[in-house]
Amino acid sequence: MNTKRLTIAVSALAAALMCGCARQDDSRVKMITEATFPPYEFMRGKDIVGIDVEICRAVAQKLGREFSCETVDFDSVIPAVISGKADLAAAGITVTEDRRKNVDFSVPYVKTGIVVVYKKKDGFAGPDQLKGRKIGVQGGTTSETYVLEQLKQEPDRSRSPAEAVAALKSGRVDFVIADIDPAKNCVKGEADLAISDFITSEEYAVAIKKGRPELLKAVNETIAEIKADGRLAKWIAEYTAESDKLKDK
Ligand code: ARG
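Scope of this entry: the structure provided in the associated data block. Each chain carries its own residue numbering, running from 1 in the direction its sequence is written. Since the coordinates come from a predicted model, pLDDT governs what is reported: local features require at least 70, and pairs of side-chain atoms require 80 or more to be given and counted, while whole-chain, interface and lining totals use all residues. For side-chain calculations, the full set of non-hydrogen atoms in the structure is used, while hydrogens and water are omitted.

### Quick word on the nonpolar core
The definition of a nonpolar core used throughout is a set of buried Ala, Val, Leu, Ile, Met, Phe, Trp, Tyr and Cys residues joined through side-chain atoms within 4.5 Å. Under the scheme applied here, a residue whose accessible area is under 20% of the maximum for its type counts as buried, over 50% as exposed, and between as partly exposed, the area being computed with a 1.4 Å probe on protein chains only. Counting 30 residues, the largest nonpolar core has Ile55, Leu88, Tyr109, Val206 and Trp235 as its most contacted members. Going through the elements one at a time, β1 (28-33), β3 (47-49), α2 (51-63), α8 (213-228) and α9 (231-248) are the ones with two or more residues in this core. With seven residues, the top contributor of residues to this core is α2. Contacts of Ile55, omitting those with residues within four sequence positions, involve Tyr109, Val206, Thr222, Ile223, Ile226, Leu232 and Trp235. Think of it this way: any DSSP run of H or I at least four residues long counts as a helix, any run of E at least two long counts as a strand, and we number them from the N terminus. For this analysis, residues touch if any pair of their heavy atoms sits within 4.5 Å.

Here it is in structure tokens:
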């Protein structure tokens, strides 16, 4: 084989290998999440499970593709779909105008909001009571934004709602702000702690890289289907019960 032929053969082989890899990657629907957020996503042993995982698995099923899921810190979840590392970001992600600048959102699948976790002995009369106090939040969340923008102060950032609540118990912070469901999970079995009414009104949706209309359509159709056929309600009930039980252990 002369040099020219060899070069052609080698580049053909390289192209074939690259194609192979690309095809393999494309065959899976890759979800990215942050799995300290029961009942939406939490660890069952080594497995990531929860409502959001079921939603994304249903999207993969609809597309007839394999499914995989990975967990990272919450502030790396949206960047992972922007960079193309993942296809679907689902992590109890609240739709916000700021995030909308960087990603597309599916139709919402849950209406919810954030609450204040407080010590019963301190009580909680309303958001005015939070001013100037030490507030724990999970970093990168709408709870962090609330402290920065509404209270105009720096929050104490933790890597999970449970870690923030541990800081409340140890006295490092005076209050915690978190989404209602993980907050409820954290105070379960804690006789000294309570949660407030909603202090915001938010909606969760799946985040997707901009410019993927077919994927967005598949996610929106899946959400409509799981709402209509009762699967979403069933997952909410089942995973709430399961994560409450984990707390009892
Ligand atoms: N809903 C809040 C937000 O979007 C908190 C979400 C945190 N999710 C998580 N899996 N840790 O900012």
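### As for the sheet that holds strand β5 (residues 88-89)
The pairing criterion for strands is at least two bridges between them, as found by DSSP. What the five strands build is an open sheet, ordered β4-β1-β5-β14-β6; its pairing is mixed. Bordering the open sheet on either side are β4 (66-71) and β6 (103-105), each of which pairs with just one other strand. Bridging between β6 and strand β14 (residues 207-209) involves three bridges; their strand directions are antiparallel. Counterpart to Phe105 in the pairing with β14 is Ala207. Here α8 sits on the sheet and contacts β5, β6 and β14; the angle it forms with β14, its principal contact strand, is near 165 degrees. Here the axes come from fitting lines to C-alpha atoms, over the contacting stretch only for helices, and the angles between their N-to-C directions go from 0 to 180 degrees.

### Looking at the sheet that holds strand β8 (residues 114-119)
Whenever strands of a sheet pair, they do so through backbone hydrogen bonds, lying parallel or antiparallel. The five strands are arranged β10-β9-β11-β8-β12 in an open sheet whose pairing can be described as mixed. Single-partner strands in this sheet number two, and they are β10 (156-158) and β12 (193-195). Taking the axes of each pair of neighbouring strands and ignoring which way they run, one obtains an average angle of 30 degrees across the sheet. Relative to strand β11 (residues 175-179), strand β9 (residues 135-138) is paired through two bridges, and the arrangement is parallel. Bridge pairing in β11 links Ile135 to Phe175. The sheet strands contacting helix α5 (residues 142-150) are β8, β9, β10 and β11, and the helix crosses β11 at an angle near 130 degrees. Against the sheet, helix α6 (residues 161-170) makes contact with β8, β9, β10, β11 and β12, and its axis sits at roughly 30 degrees relative to β8, the strand it touches most.

### Some points on the packing of aromatic side chains
Working definition: rings of Phe, Tyr and Trp (its six-membered ring) pair if their centres are within 6.5 Å, and the pair is stacked with planes under 30 degrees apart, edge-to-face with planes over 60 apart, and tilted otherwise. For the structure on display, the rule yields seven aromatic pairs. Measuring from ring centre to ring centre gives 6.0 Å for Phe124 and Phe175, while their planes differ by 65 degrees; the resulting arrangement is edge-to-face. Highlighted residues: Phe124 in the loop between β8 and β9 and Phe175 in strand β11, separated in sequence by 51 residues. For the pair formed by Phe124 and Phe175, the shared burial category is buried. Aromatic ring contacts, followed pair by pair, group Phe37, Tyr40, Tyr109 and Tyr204 into a single cluster.

### Focus on the pairing of β9
Where burial is concerned, the two faces of β9 agree: the one with Ile135 and Val137 and the one with Gly136 and Gln138 are both buried. Think of it like this: strands point away, you trace from the first strand over the helix to the second, and a clockwise trace means the crossover is right-handed. With respect to chirality, the unit in which β9 leads through α5 into the neighbouring parallel β10 is right-handed.

### Looking at the side chain of Lys119
Relative to the assigned elements, Lys119 resides in strand β8. Counted as positive: Lys and Arg. Counted as negative: Asp and Glu, with His and the chain ends omitted from the count. Salt-bridge detection follows one rule: a side-chain nitrogen of Lys or Arg within 4 Å of a carboxyl oxygen of Asp or Glu. Despite its burial, Lys119 remains without a salt bridge, the nearest opposite charge being carried by Asp122 at 5.4 Å. Nitrogen and oxygen atoms within 3.5 Å of one another constitute a polar contact, given that in protein one can donate a hydrogen and the other can accept it, and given that sequence-neighbouring residues count only through two side-chain atoms. A distance of 3.0 Å separates a polar side-chain atom of Lys119 from the backbone oxygen of Leu168. Apart from the residues lying within four places of it in its own chain, the contact partners of Lys119 are Leu168, Lys169, Gly171, Asp192 and Leu193.

### Details of the site of the ligand
Around the ligand, the surrounding shell holds 14 residues, and the nearest of these are Glu34, Ala91, Gly92, Thr94 and Asp179. Glu34 is positioned with one of its side-chain polar atoms (N or O) 2.7 Å from a nitrogen atom of the ligand. At 2.8 Å, a side-chain N or O of Arg99 approaches an oxygen atom of the ligand. Burial of the ligand by the protein amounts to 100% of the accessible area it has alone, namely 350 Å². Under the convention adopted here, Pro, Cys and the residues Ala, Val, Leu, Ile, Met, Phe, Trp and Tyr are nonpolar, Asp, Glu, Lys and Arg are charged, and Gly plus all remaining residues are polar. Partitioning the shell around the ligand into residue classes produces five nonpolar, five polar and four charged. By convention in these notes, a residue is near a molecule or strand provided one of its non-hydrogen atoms lies within 4 Å of it. Residue-level accessible areas treat just the shown protein chains as cover; the underlying method is Shrake-Rupley with a 1.4 Å probe.

### Here's the deal with unusual backbone geometry
Look at the link from Pro38 to Pro39: it is a cis peptide, with omega at 0 degrees. With respect to the helices, strands and loops of the structure, Pro39 is situated in the loop between β1 and β2 (42-44).

### So, the packing of α2 against α8
Close contact between α2 and α8 brings their axes to 9 Å; oriented N to C, the two are set at 115 degrees. By the criterion of interaxial angle, the relationship of α2 to α8 is roughly perpendicular. Our pair here, α2 against α8, has a crossing hand that is right-handed. Contact residues: Ile55, Ala58, Val59, Lys62 and Leu63 in α2; Leu215, Ala218, Val219, Glu221, Thr222, Ile223, Glu225 and Ile226 in α8. Here the residues of the contact of α2 with α8 are counted per class, giving nine nonpolar, one polar and three charged. Note on terminology: angles under 35 degrees are roughly parallel, angles over 145 are roughly antiparallel, angles of 65 to 115 are roughly perpendicular, and the others are oblique. Helix crossings are classified by the rotation of the near helix relative to the far one: an anticlockwise turn of less than a right angle makes the crossing left-handed, while a clockwise turn makes it right-handed.

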